[in-house]
Amino acid sequence: MRDFIPARRTFLKSVGGAATFALLPAPLLLSGCQQGAAETDADESGLDQGPFDVELTLFARPDVTPILPGAASEVWRYTARLIKGPGDTLTHSDNRYVGPLIRLRRGQRVRIHIENHLPENTTVHWHGLHVPPEVDGQPRFPIQPGATKTVGFVVDDRAGLYWYHPHPHGDDGGRVGFQSYAGLAGPLIIEDDPERELDLPKGDRERVMVLQDRSFAGENELSYLADSMGSMMTRMQGFKGDHLLVNGKPATVEEVQATAYRLRILNGSNARIYKLVWSDGRPVTVIGTGGGLLEAPEERPYVTLAPAQRVDLWVSFEGDRQGTEIQLINEPHRAGEMMGGMMGGSNNMSDTPTSLLTLVVNGTPGKAAPALPDRLSSDLAFLAHPDNSTRIRPFRLSMKMMQGFAINGRQFEGATVADDEVVSLGATEIWEFFNDTMMPHPMHVHGLQFTVISRRNANAGGARQLQAGIVDSGLHDTVLVMPGQRVRIALTFKDFKGLYLYHCHNMEHEDNGMMRYYEVRKP
Ligand code: C2O
Ligand code: CU
Ligand code: CU
């Protein structure tokens, strides 16, 4: 698989004056570095002793892929090749820029060779996975253009939908927003026995949906807004595209049987917060979050999904007549758009609801839909619970004039930690995120899954329009903290010592410094 397509020189034209900026940085345009990945810099980290149950190669490379009707778009994307493992480990995404679905099972020993065919440094981060720091894809372990890095780990997380994406950060800022926007992101499913026993919908009745927003210029070239006004705005509110894409394409119409389905949704957008609702007003039935299944299903009028979060939905069309059309809609809301509103300019969608998926019920009588179990999992009760002696660590989210956002007054400084960013291996703590800004911040902690134990000021500011859809039960690696809110999470630092990241997952906030390391030390 050395036959990747070198990027055309015209990757992204600037159209309409200064308002649109080339997606690609200068290096690609000048590139003489588009050779195959050399077998240099091979580096084994984490689990380096076989045997492995799964072994695969993941390629990050420029490509040309259709997105909108008409001309294909230049993208950066992941492709993969299975070397060893079960036949369903990879589901390729031909003709789409979204990375292949990687399906793993809890307990598997996995080895992945990452080949960087991009013209700049990258890393691959396994978002949500409990893996050692060395294989976590942190910016301190960049993979140079042309290099291959090999990582190994044991799959140790609950069954759930996770994902993988780049995490590079150079001297002049992060490249997570740019590289993800260019197309580098893919879904990762972990399966386990307790989940399998539930007999939830699978095969054709299990759908994975990666939600992203993109803007286009000229001949369907992706554009990442970066004029002087735009870059300030982008730094403030993050980049939002004006087309909503599902798995790298505009929304589609699909036929469904009159039975039950499982929709596993990842918000892979840079900054957009989705408000997902069924067009016919039926409640949204949530069965899982980023860290896997809830204890029991929950019904919501709509579901709020912040960048990097995942939600697992169950829906049955059993009672719906033949030909019934039901849409999954993204409802407009203004949370996180104060600046846009205030300053008149906005790169946002119109105020109309947008369909993400249209389902048409084909009433062919099949077997009765399997009932939704009323108990989904029983292991959450065994998590360490904080008590009165648990340490509470405060994190104040604030704005730094013209520089973006800060955590406890600090911005990203590479692999250094302050005294109050050191935690003890094995300890359980409470972290409190207090959002003292006008923007929502989806706060993400690497290396573990946490519980949300309280949310104060639920109806502060813009929160009102999204609060009823925020699912705080279950396990999470990313929690949305609305302006004015104080959210407490409980986390336990198990198994691995060393540095991990915590940051806002609005990718433009993160790239502009709203990110820090914390360190797990042996007490
Ligand atoms: Cu999804 Cu630090 O990342
Ligand atoms: Cu992460
Ligand atoms: Cu933020």
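The model shown is predicted, which means the values in this text are computed figures rather than measured ones.

## Brief notes about a nonpolar patch on the surface
And then number 1: A cluster of nonpolar residues, Met399, Met401 and Met402, forms a patch on the protein surface that exposes about 340 Å² of accessible area.
And then number 2: Along the chain, methionine 402 turns up in the loop between β25 (392-400) and β26 (404-407).

## Thoughts on the coordination of the copper ion (ligand 2)
And then number 1: Binding of the copper ion (ligand 2) to the protein goes through His125 (NE2) and His444 (NE2), at separations of 1.9 Å. Taken together, the residues histidine 125 in strand β7 (residues 125-127) and histidine 444 in strand β29 (residues 441-445) connect sequence positions 319 residues apart.

## What about the sheet that holds strand β30 (residues 451-456)?
And then number 1: If you trace the five strands from one edge of the open sheet to the other, you get β26-β25-β28-β32-β30, paired in mixed fashion. Each end of this open sheet is capped by a strand with a single partner; those strands are β26 and β30. Strand after strand, the sheet turns through a mean of 20 degrees between neighbouring axes, direction not considered.
And then number 2: By the bridge criterion, five bridges tie β30 to strand β32 (residues 486-492) in an arrangement that is antiparallel. Looking across to β32, one finds that arginine 456 is bridged to arginine 486.

## Side note on the coordination of the copper ion (ligand 3)
And then number 1: For the copper ion (ligand 3), every protein donor is listed as His441 (ND1), Cys504 (SG) and His509 (ND1), and the spread of their distances is 2.0 to 2.1 Å.
And then number 2: Here the donor residues of the copper ion (ligand 3) share one chain and are spaced in sequence as H-x62-C-x4-H. With histidine 441 in strand β29 and histidine 509 in helix α6 (residues 507-511), this residue pair connects regions lying 68 residues apart in the sequence. Of the two residues, histidine 441 and histidine 509, both sit in the buried class.

## With respect to the packing of aromatic side chains
And then number 1: One pass over the full model with this rule turns up 20 aromatic pairs.
And then number 2: Between the aromatic rings of tyrosine 78 and tyrosine 164, the centroid separation amounts to 5.2 Å while the plane-to-plane angle is 50 degrees, which identifies the pairing as tilted. One end of the pair, tyrosine 78, is in strand β3 (residues 73-84); the other, tyrosine 164, is in strand β9 (residues 160-165), with 86 residues separating them in the sequence.
And then number 3: According to the relative accessible area criterion, tyrosine 78 is buried, its value standing at 1%.
And then number 4: Put simply, the rings of Phe395, Trp431, Phe433, Phe493, Tyr500, Tyr502 and Tyr518 touch in pairs and so form one group of aromatic residues.
And then number 5: Over the face of the ring belonging to tyrosine 302 we find lysine 275, whose NZ or CZ atom lies 4.5 Å from the ring centre.
And then number 6: Just above the ring of phenylalanine 434 sits the side chain of arginine 486; from NZ or CZ to the centre is 4.0 Å.

## What about the sheet that holds strand β33 (residues 498-504)?
And then number 1: Here five strands make up an open sheet; going across it, the order is β27-β34-β33-β29-β31 and the pairing mixed. Whereas interior strands pair on both sides, the edge strands pair on one side only; in this sheet they are β27 (422-424) and β31 (478-481). With direction set aside, neighbouring strand axes in the sheet form an average angle of 25 degrees.
And then number 2: Judged from the four bridges that link them, β29 and β31 form a sheet pairing that is antiparallel. Bridging from a neighbouring strand, methionine 443 pairs with valine 479 of β31.

## Some points on unusual backbone geometry
And then number 1: The linkage connecting glycine 50 with the following residue, proline 51, adopts the cis geometry, with an omega of -5 degrees.
And then number 2: With respect to the helices and strands, proline 51 occurs in the loop between β1 (44-46) and β2 (54-65).
And then number 3: Although it is not a glycine, asparagine 247 sits at a positive phi angle of roughly 50 degrees.
And then number 4: Inspection of the secondary structure puts asparagine 247 in the loop between β15 (243-246) and β16 (252-257).

## Some points on the pairing of β9
And then number 1: For β9, a buried count of six out of six residues is recorded, marking the element as mostly surrounded by other parts of the structure.
And then number 2: On β9, burial covers both faces: Gly160, Tyr162 and Tyr164 on one face and Leu161, Trp163 and His165 on the other are all buried.
And then number 3: When β9 meets strand β12 (residues 186-191), the two strands line up antiparallel, connected through five bridges. Residue pairing for β12: tyrosine 162 is matched across the bridge by leucine 188.

## Notes on the nonpolar core
And then number 1: Residues Leu58, Ile112, Trp126, Phe153 and Leu188 are the most contacted members of the largest nonpolar core, which totals 53 residues.
And then number 2: A domain split of this core shows at least three residues from each of domain 1 (13-196) and domain 2 (204-211 + 242-361).
And then number 3: Contacts of phenylalanine 153, omitting those with residues within four sequence positions, involve Leu47, Leu104, Gln108, Arg109, Val110, Ile112, Trp126, Leu129, Val131 and Val135.
And then number 4: Val284, Val286, Val311 and Phe317 belong to the second largest nonpolar core, which has 28 residues in total.

Here is what the cut-offs are and how they apply
Residues numbered from 1 in each chain as written. Chains lettered and ligands numbered in written order. Predicted model: local features only at pLDDT ≥ 70, side-chain atom pairs only at ≥ 80, totals over all residues. Heavy atoms only, no water. Patch = residues over 30% accessible without salt bridge, like charges linked within 9 Å, V, L, I, M, F, W, Y side chains within 5 Å. Areas by Shrake-Rupley, 256 points an atom, 1.4 Å probe, with all protein chains shown as cover. Salt bridge = Lys/Arg side-chain N within 4 Å of Asp/Glu carboxyl O. Helix = DSSP H or I, 4+ residues; strand = E, 2+ residues; numbered from the N terminus. Donors = N, O, S within 2.8 Å, 3.2 Å for Na, K, Ca; no water. Pairing = 2+ DSSP bridges. Axes fitted to C-alpha atoms, helices over the stretch in contact; angles between N-to-C directions. Buried < 20%, exposed > 50% of the residue type's maximum accessible area, 1.4 Å probe, protein only. Phe/Tyr/Trp six-rings, centres within 6.5 Å; stacked < 30°, edge-to-face > 60°. Lys NZ or Arg CZ within 6 Å of the ring centre and 35° of its normal. Core = buried A, V, L, I, M, F, W, Y, C linked by side-chain atoms within 4.5 Å. Domains from an automatic or database assignment. Contact = heavy atoms within 4.5 Å.

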